[in-house]
Amino acid sequence: MEIIAKILVGLVALEHLYILYMEMFAWETLGKKTFKGSLKDELFKPTKGLAANQGLYNGFLSAGLIWSLVITSTSWAENVAMFFLSCVIVAGIFGAITASRKIFFVQALPAILALIATLYFGLN
């Protein structure tokens, strides 16, 4: 049953790789489409550097989650996954409070489900 936890952790990691790509490399195209209505179109170009910085942090979250999937020690793998999933959850809740409620459902909820599965089933 730990495969469920691994799949969920992997999906959260993939989501954050996608966010990295969007914020670091496609902010003025895909970012504009994704955040339509949240930011005025003319703000995407001047905020490109800020978005790239955010994207880098999302990459670190993804790297940590991927790392948790390749660690051979069960306790280490689970602790690393729980730490990075908790970071995603906190970021998702903060984003939902400060930017858009949609962020809770897109970012925090999948991480919450992955955390529950990791706690319940484990990773190894």
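One can find the structure itself at the top, above this paragraph.
Everything numeric in this text was worked out from a predicted model, so none of it was measured. (Residues numbered from 1 in each chain as written. Predicted model: local features only at pLDDT ≥ 70, side-chain atom pairs only at ≥ 80, totals over all residues. Heavy atoms only, no water.)

**Considering a nonpolar patch on the surface**
Here is step 1 of the chain: On the surface, Met-1, Ile-3, Ile-4, Ile-7, Leu-11, Leu-14, Leu-17 and Ile-66 cluster together into a nonpolar patch covering about 750 Å² of accessible area.
Here is step 2 of the chain: The dominant element in the nonpolar patch, judged by the number of residues it contributes, is helix 1 (residues 2-25), at six residues.
Here is step 3 of the chain: Along the chain, Ile-66 turns up in helix 3 (residues 48-70). (Patch = residues over 30% accessible without salt bridge, like charges linked within 9 Å, V, L, I, M, F, W, Y side chains within 5 Å. Areas by Shrake-Rupley, 256 points an atom, 1.4 Å probe, with all protein chains shown as cover. Salt bridge = Lys/Arg side-chain N within 4 Å of Asp/Glu carboxyl O. Helix = DSSP H or I, 4+ residues; strand = E, 2+ residues; numbered from the N terminus.)

**Notes on the pattern of salt bridges**
Here is step 1 of the chain: What the rule picks out here adds up to one salt bridge.
Here is step 2 of the chain: For Glu-28, the salt bridge goes to Lys-48, with nearest N and O atoms at 3.5 Å. With Glu-28 in helix 2 (residues 27-34) and Lys-48 in helix 3, this residue pair connects regions lying 20 residues apart in the sequence.
Here is step 3 of the chain: With relative accessibility at 30%, the residue Glu-28 sits in the partly exposed group.
Here is step 4 of the chain: Note on Lys-48: relative accessible area 42%, which makes it partly exposed. (Buried < 20%, exposed > 50% of the residue type's maximum accessible area, 1.4 Å probe, protein only.)

**Concerning the packing of aromatic side chains**
Here is step 1 of the chain: Under the definition given, this model contains seven aromatic pairs.
Here is step 2 of the chain: For the ring pair Trp-27 and Phe-44, a centre distance of 5.1 Å and an interplane angle of 45 degrees mean the geometry is tilted. With Trp-27 in helix 2 and Phe-44 in the loop between helix 2 and helix 3, the pair connects residues that are 17 residues apart, well separated along the chain. Assigned by exposure class, Trp-27 and Phe-44 land together as buried.
Here is step 3 of the chain: Ring centres 5.0 Å apart and planes at 85 degrees place the aromatic pair Phe-83 and Phe-84 in the edge-to-face group.
Here is step 4 of the chain: Among the aromatic residues, those joined into a cluster by ring pairs are Trp-27, Phe-35 and Phe-44. (Phe/Tyr/Trp six-rings, centres within 6.5 Å; stacked < 30°, edge-to-face > 60°.)

**With respect to the packing of helix 1 against helix 3**
Here is step 1 of the chain: Contact geometry for helix 1 and helix 3: axes closest at 7 Å, N-to-C directions at 160 degrees. When the axes of helix 1 and helix 3 are compared, the pair comes out roughly antiparallel. Crossing geometry of helix 1 relative to helix 3 is assigned as left-handed.
Here is step 2 of the chain: Of the residues contributing to the contact of helix 1 with helix 3, the split by class is 14 nonpolar, eight polar and three charged. (Axes fitted to C-alpha atoms, helices over the stretch in contact; angles between N-to-C directions. Parallel < 35°, antiparallel > 145°, perpendicular 65-115°, else oblique. Left-handed = near helix turned anticlockwise from the far one by under 90°. Nonpolar A, V, L, I, M, F, W, Y, C, P; charged D, E, K, R; others polar.)

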